[in-house]
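Residues per chain are reported as follows:
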Amino acid sequence: MTGGGTMVEHHLSAEGADQFILAGVGDANFRELTSLFGVQVVLRGDHVRLAGPLESVAESARVAEHMIELARLGKSFRASDVARFAASLQSRDGPDIRSDDERLRISVPGSRRTIAPRSEGQREYLQAMDDSDIVISIGPAGTGKTYLAVARAVDELFRKRVKRIILARPAVEAGENLGFLPGDLQEKVDPYLRPLYDALEDMMPPARVSRGIADRTIEVVPLAYMRGRTLSDAFVILDEAQNATAAQMKMFLTRIGLSSRVVITGDKTQIDLPRSQVSGLIQVEEILKDVDGIAFVYLGEQDITRHRLVTRIVRAYAAADKRQTGDQNDERQAPKD
């Protein structure tokens, strides 16, 4: 929040805006604007009045103008999105989200719901999936890496641009030991794949998902099952790629056949591989960085779309990791007796 200075009022036209979308449930969006900038926000008729310190009003007005534009387009947002718009202003000189770019809006089959980018980083991500055959998305939890990739895959399938969707994940344990659980192999690996099923079922009716899996239009498989296959006419997603070994990543990339699109997602801060193994995501970032036709998209804290506490949690862990690295470096540099 910016404070101090001359107290002013500023009026913005909200003509044509959906006032419920604009204000949010119980005026939550306006309350968030007040919390962020220390300004008073009042909606009267077709105008939004901002009152407070000059600099705070100027900054909040830019966010409010973007909110009004979204409300005019009938595109809903939440209080957490308001905070993200403000962060985008500070880090990128304006929320260049371009929500009016209809090519980046994804209609969910069988419903009136649409999925649109909620940050500039997400806009770049969706744009990259339109422009490149292989997209590698790297960023922290909650930035929409998997969700947006699955949404794009479902959209491509329903538009008949691909014949099938293939979703893969490395079956690497994150501290848990599932090897001794009862059940066959598929039942043992299902816990690793459940987030992919969840994303699918949020885009498609469960019956349609089941039918797609039955007729192999949709496959959800552990990465190890990809060996020896050629993946043609498919939208292929490798999720949690930070847990793919270097050999597995090379194997996966060389499976790609004609008319296929590939998205690889991962978070370099959540590697669960043994220390002796190199993450394929980290290696591929260096090896393929200059290869034409492959796009790298980096998402950050400002792109997190989960509960606002997720952003604070990610930031706290990053600070802790930085402190730990600094302590280790100090130990190495300390003179020995």
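Residues numbered from 1 in each chain as written. Predicted model: local features only at pLDDT ≥ 70, side-chain atom pairs only at ≥ 80, totals over all residues. Heavy atoms only, no water.

Novice: Any chance you could explain the sheet that holds strand 11 (residues 294-298) here in plain terms?
Specialist: In sheet architecture, strand pairing relies on hydrogen bonds along the backbone and comes in two forms, parallel and antiparallel. An order of 8-7-9-10-6-11 is seen for the 6 strands of this open sheet, with the pairing classed as parallel. Edge positions in the open sheet fall to strand 8 (218-222) and strand 11, since each of these has one partner strand only. This sheet shows a mean twist of 15° between the axes of neighbouring strands, independent of strand direction. On the sheet, helix 6 (residues 145-158) packs against strand 6 (134-138), strand 7 (164-169), strand 9 (234-238) and strand 10 (261-266) and is oriented at approximately 170° with respect to strand 9. (Pairing = 2+ DSSP bridges. Helix = DSSP H or I, 4+ residues; strand = E, 2+ residues; numbered from the N terminus. Axes fitted to C-alpha atoms, helices over the stretch in contact; angles between N-to-C directions. Contact = heavy atoms within 4.5 Å.)

Novice: Would you mind showing me how to read unusual backbone geometry here?
Specialist: Leaving glycine aside, a negative phi is the common case for residues, and trans is the common case for peptide bonds. Notably, Asp233 is not glycine yet its phi reads approximately 50°, a positive angle. Tracing the sequence through the fold places Asp233 in the loop between strand 8 and strand 9. Residue Asp233 is classed as partly exposed on the basis of its relative accessible area, which comes to 27%. Here Ser259, not a glycine, exhibits a phi torsion of approximately 60°, which is positive. (Buried < 20%, exposed > 50% of the residue type's maximum accessible area, 1.4 Å probe, protein only.)

Novice: Could you clarify how one ought to interpret helix 10 (residues 280-287) in this entry?
Specialist: Since there are 3.6 residues in each turn of an α-helix, residues three or four apart along the chain are aligned in direction. Along helix 10, the residues classified as buried are Gly280, Leu281, Val284 and Glu285. Seen end-on, helix 10 carries its buried residues on one side only, within an arc spanning 140°. On its buried face, helix 10 is in contact with strand 6, helix 9 (246-253), strand 10 and strand 11. Where helix 10 begins, the capping side chain belongs to Ser279, and its oxygen is found 3.2 Å from the backbone nitrogen of Leu281. (Arc of directions from axis to C-beta. Polar contact = N/O pair within 3.5 Å; in protein donor to acceptor, adjacent residues only side chain to side chain.)

Novice: Help me understand the confidence of the model for the protein chain in this model?
Specialist: Any residue range with low pLDDT should be treated as having predicted coordinates unsuitable for detailed reading. Confidence in the prediction for the protein chain averages 82 pLDDT; 82% of positions are at 70 or higher. Of the regions scoring below 50 in pLDDT, residues 174-178 engages in 5 contacts with residues more than four places distant in sequence or in other chains. (pLDDT = per-residue confidence, 0-100.)

Novice: Help me understand the environment of Ile166, please; the structure alone is not making it clear to me.
Specialist: Structurally, Ile166 can be placed in strand 7. Non-local contacts of Ile166, meaning those with residues more than four positions away in its chain, are made with Glu219, Val221, Met226, Arg229, Leu231, Ala234, Phe235, Val236 and Ile237.

Novice: In this structure, what is going on with the nonpolar core? I would like to understand it.
Specialist: Across soluble globular proteins, nonpolar side chains have a tendency to be buried as a group. By size, the foremost hydrophobic cluster in this structure holds 35 residues, and its most contacted members are Tyr125, Met129 and Leu200. No other element matches the 7 residues that helix 6 contributes to this core. Apart from residues no more than four positions distant in its own chain, Tyr125 is found in contact with Val135, Ser137, Gly144, Lys145, Leu148, Ala149, Val263, Thr265, Val297 and Leu299. Of all hydrophobic cores here, the second largest spans 26 residues; its members include Val57, Ile68, Leu70 and Ala86. (Core = buried A, V, L, I, M, F, W, Y, C linked by side-chain atoms within 4.5 Å.)

Novice: Please clarify how helix 3 (residues 54-72) should be interpreted in this entry.
Specialist: With 19 residues, helix 3 should cover 27 Å at 1.5 Å per step; its first-to-last C-alpha distance of 26 Å lies within 8% of that length. Within the sequence span of helix 3, burial applies to Ser56, Val57, Ser60, Ala61, Val63, Ala64, His66, Met67, Ile68, Leu70 and Ala71. Gly74 sits one or two positions beyond helix 3 and adopts a positive phi of about 75°. (Expected span 1.5 Å × (residues − 1).)

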